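Residues per chain, in single letters:
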Protein chains: 2
Amino acid sequence: MPSHPFQIDAQLLADSHPLGHWQQLHLRLHRNAALPWVLIIPETEVLEYCDLSQTMQQNISLLGAALGQHYKRHWASTKINFAAIGNVVQQLHIHVIGRHENDPLWPDVVWGNPLPKRSYSDDDLSQWQHKLAQLLETLT
Amino acid sequence: MPSHPFQIDAQLLADSHPLGHWQQLHLRLHRNAALPWVLIIPETEVLEYCDLSQTMQQNISLLGAALGQHYKRHWASTKINFAAIGNVVQQLHIHVIGRHENDPLWPDVVWGNPLPKRSYSDDDLSQWQHKLAQLLETLT
């Protein structure tokens, strides 16, 4: 057991809404509603994706695949960006972002480019949380 | 067996030098020598990282971890960017990029931002290929 309980980085907290928790992975929805964009934050001190345990990588990928299917079905996403960058926030977090040829930034990446500011309503958020709970059920 | 032999996308070929091949993964060095930047191109028709077989993901991650250690040792990289984007080139390719607080783009991402143009000499390339062969030996 680590001596400190795991805490999500303050910047990640500020940038996202809580969606759920599964297998030591925190799921958070990026605040910008312009694109379907989930952050997966594993409960670990490891900083690099490739240094994660195989089990954690497998679980992240299962989640990523389920999110990808969800994005394709509900946002007509045609491409999933899957990335661990971490140049700004050091704590390991994996972006799973649905992209589409007609989205506001296509084909540019989201990082460092200005996305139109759109917010989720409380209803949107409830729906996301509900949908995520359903997705997690299919995984367990 | 697929009916066509696997071919690497023409844009990826143009952007990179061949480094090696391991476990159905092509390894290529991005032509820009400003940062240590390897592309891993799995021999597959799958387009999304999370849809790859677990075996391929494991092998990519083993390679990514070995490359990360190599970048940290020889380029003083402090952060590894690991990403499957694919908005421009559809064929699945995974970027493994070594970053450092003093690199030309820090903390911005490399995609869509202007890296200073630096090329590898033939000697540099030979050294890379030699080093990669050594890394692959530690994995098999």
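Residues numbered from 1 in each chain as written. Chains lettered and ligands numbered in written order. Predicted model: local features only at pLDDT ≥ 70, side-chain atom pairs only at ≥ 80, totals over all residues. Heavy atoms only, no water.

J.: Looking at this model, I keep getting lost on the interface of chain B and chain A. Mind explaining?
T.: Many structure descriptions define interface size as the accessible area lost when the parts assemble. Residue-level contacts link 30 residues of chain B with 30 residues of chain A. At the boundary of chain B with chain A, total buried surface from both sides reaches about 2600 Å², with 49% on carbon and sulfur atoms. Taken together, the connections running from chain B to chain A amount to four salt bridges. A salt bridge links Lys 79 of chain A to Glu 48 of chain B; the nearest nitrogen and oxygen atoms lie 3.4 Å apart. Put simply, chain B and chain A have 17 residue pairs in polar contact (both at pLDDT 80 or more) between them. When contributions to the side of chain B that touches chain A are tallied by element, the ones reaching two or more residues are helix 2 (54-74) and strand 4 (79-84) of chain B. No other element matches the seven residues that helix 2 of chain B contributes to the side of chain B that touches chain A. When its residues are assigned to classes, the side of chain B that touches chain A shows 14 nonpolar, 10 polar and six charged. Across three bridges, strand 4 (residues 79-84) of chain A lies against strand 4 of chain B in antiparallel orientation. Paired with Ala 84 of chain A across the strands is Phe 82 of chain B, a residue of strand 4 of chain B. (Contact = heavy atoms within 4.5 Å. Buried area = accessible area lost by both parts, 1.4 Å probe. Salt bridge = Lys/Arg side-chain N within 4 Å of Asp/Glu carboxyl O. Polar contact = N/O pair within 3.5 Å; in protein donor to acceptor, adjacent residues only side chain to side chain. Helix = DSSP H or I, 4+ residues; strand = E, 2+ residues; numbered from the N terminus. Nonpolar A, V, L, I, M, F, W, Y, C, P; charged D, E, K, R; others polar. Pairing = 2+ DSSP bridges.)

J.: I tried to follow the relation of the copies chain B and chain A on my own but got confused; where do I start?
T.: A rotation about an axis combined with a shift along that same axis relates the two copies of the chain. Here chain B sits on chain A after a turn of 180° about the axis and a move of 0.0 Å along it, with an RMSD of 0.0 Å. Such a combination of turn and shift is consistent with a two-fold rotation axis. For chain B, the residue whose C-alpha comes nearest the rotation axis is Ala 83 of chain B, separated from it by 2.0 Å. Most of the interface of chain B is mirrored in chain A: 100% of its interface residues are interface residues there too. (Least-squares fit on C-alpha atoms with pLDDT ≥ 70 in both.)

By themselves, these figures tell us nothing about what the structure is for.
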